[in-house]
Amino acid sequence: MLFQRVSRFIRDEDGSYTLWSLAWFMLYVGIGGLAVDATDVYRHQNFLQATADSASLAGVMSLSDPDEATNYALAFAENNMRRNVHGTVLTESEVQLGYWDTGARKFYPNEPNRNAVYVTTRRGETNQNPLGMIMLRFFGLVGLNPWWNVNAEAVAIRYYPDCLRGGFIAEGQVWFQNNNHFYNNICVHGQVGGVGHKGAVQGNTYESGVAISMGHPDGNHFSGQALQAEDLQAALANGGINELWPAEAYEAADYIEMLRQMPDTSHNTMMTTADGKYESWEFMYPVVDAVRVPPARATSQPAGDAYLPFHVYELMNCNGQLSIGSGAILANVTIVTSCRIHIAADMSAGNVILASTYTGPQPAVSVAAQAKLGNSDYCDTGTGGVQIYTLGDAHLAAQTDWHGVRVAAAGDVGLAAQNSVHGVSVQAGGDIDFQSNGEYGLCPNIADSGPVEWRYRLVQ
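Thresholds applied
- Residues numbered from 1 in each chain as written.
- Predicted model: local features only at pLDDT ≥ 70, side-chain atom pairs only at ≥ 80, totals over all residues.
- Heavy atoms only, no water.
- Helix = DSSP H or I, 4+ residues; strand = E, 2+ residues; numbered from the N terminus.
- Buried < 20%, exposed > 50% of the residue type's maximum accessible area, 1.4 Å probe, protein only.
- Areas by Shrake-Rupley, 256 points an atom, 1.4 Å probe, with all protein chains shown as cover.
- Disulfide = S-S within 2.5 Å.
- Pairing = 2+ DSSP bridges.
- Arc of directions from axis to C-beta.
- Polar contact = N/O pair within 3.5 Å; in protein donor to acceptor, adjacent residues only side chain to side chain.
- Contact = heavy atoms within 4.5 Å.

Trainee: Requested: an account of the overall build of the protein chain, with residues and values cited.
Mentor: Looking only at helices and strands, the protein chain has nine helices and 35 strands in total. Among the 460 residues that make up the protein chain, the fraction classed as buried is 46%. Total accessible area computed for the protein chain in this model is approximately 22300 Å², and 52% of it derives from carbon and sulfur atoms.

Trainee: Explain the state of the cysteines to me, and be specific about the residues and the numbers.
Mentor: Tallying each qualifying case throughout the model produces two disulfides. Between the sulfur of Cys-318 and that of Cys-339 lies a disulfide, 2.0 Å long from S to S. On the sign convention where negative is left-handed, the bridge of Cys-318 and Cys-339, at about 125 degrees about the S-S bond, is right-handed. Within this pair, whereas Cys-318 is found in the loop between β21 (311–315) and β22 (321–324), its partner Cys-339 is found in the loop between β23 (329–337) and β24 (340–343), the two being separated by 21 residues in sequence. The same class applies to Cys-318 as to Cys-339, namely buried. Note that Cys-379 is cross-linked by a disulfide to Cys-443, the S-S spacing being 2.0 Å. Because the sign of the S-S torsion sets the handedness, a value of about -75 degrees for the bond joining Cys-379 and Cys-443 places this disulfide among the left-handed ones.

Trainee: Would you mind going over the sheet that holds β24 in detail, with residue names and values included?
Mentor: Within the open sheet, the nine strands sit side by side as β14-β11-β8-β33-β31-β29-β26-β24-β22. Their pairing is parallel. Of all the strands in the sheet, the pair left with one neighbour each is β14 (220–221) and β22. Note that strand β11 (residues 194–197) and β14 share two bridges and pair parallel. Along β14, the bridge assignment pairs Val-195 with Asn-220.

Trainee: For helix α8 (residues 252–260), give the residues involved together with the corresponding values.
Mentor: Buried within α8 are the following residues: Ala-252, Tyr-255, Ile-256 and Leu-259. Relative to the axis of α8, the buried residues are bounded by an arc of 100 degrees and lie together on one face.

Trainee: With reference to specific residues and values, describe the side chain of Ser-436.
Mentor: Looking at the element boundaries, Ser-436 is found in the loop between β33 (432–434) and β34 (439–441). At 3.3 Å, the side chain of Ser-436 forms a polar contact with the backbone nitrogen of Asn-178. Aside from chain neighbours lying at most four places away, what touches Ser-436 is Gln-177, Asn-178, Asn-180, Ala-416, Ala-417 and Gln-418.

Trainee: I'd like to hear about unusual backbone geometry, residue by residue, with values.
Mentor: Its identity is not glycine, yet Ala-290 carries a phi of approximately 65 degrees, on the positive side. Residue placement: Ala-290 occurs in the loop between β18 (287–288) and β19 (291–292). In this structure Ala-290 comes out as exposed when scored by relative accessible area, which is 73%. Its identity is not glycine, yet Asn-332 carries a phi of approximately 55 degrees, on the positive side.

Here it is as structure tokens:
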């Protein structure tokens, strides 16, 4: 009887796949568990990275006081990832103050010339808060650690951007032609297209302190003998590669809308004029009985270009072009129009704002030869400049004389030959094109011309 039962058991094939099914089941559980745990690790990695980013930025904004910088970094980390949930993700030892070398992309801790904060956030054994596994906890049964060590790093720096004090900044490319002279620490920047020249260009000169910069390493379009010149090499070294964007060109529409509302705007509103000098709109607000009053508003162009001081002219019906004739003198006037603005030869302007919303194929603002923009004493007084805002292109003809001119154009900016510029801030959403024989510089003693604010950004 026993022998028969044993023989029947041996011959019985029912359940022959049970072991294989069990093996496959365990494999499926492992793959599913790994997917669940990997997703959880990825989620916490993102948490840690966002926390490291915010902590490093918070620290670098208080870098002048090392203790305060560390405390702010720790506080932001705690706010992002609470200790009662995640443990201590950032310790004081993981907040490092030091110097970030932009060229080498390397951080040097404990340097006296501090410009950066390096932060490492962790969920790991080091901080006694490793990330526990969810589905794969059974690894602990076979002697493996049932947790993950996850960390993230971030470096934030503070810096003064190139071209902060004024110069020529284009989102596209800056083009040079012959025999231009750049002086007084002016900056020339091409973001996307870089900086360079068309054809065989020669004779451009750059005084010490001039900076030529671009948004990426391939943006240098100088070549041949011009590139070998020591003054150009020095200017390229001063500028280098940076991430500056022509923000004002994109904000031209906002500036124009503010100008349209100018009579209702406080005269204490600050506008940064060319070359970094700081000037309010007070020149538009006359003093009557020792009280400043808003400027008057006008909606029609005066005969003979007799624009009245302390007036805002909002001109929306001008047959396509608003012309300011030869010999006209504008002072303490703002003109906002939907038409093209053409400034004739020999016109002069001081304490003037011109704005055009025209976006057609022709230049929205054009200045004829020998026009004078800005008072000749602008660099000494910081007043009497000219501000130009346009949603289109701007073109300035030959032999114009600039003193404290600020241009924010959403399109291209062209500068013809033989211009003389003293104090300038030009930002273009397109390209900037220099022709020949011009002189372009900031006002002297630019470092003392107004407050400077640090800029902050993540670099790693």
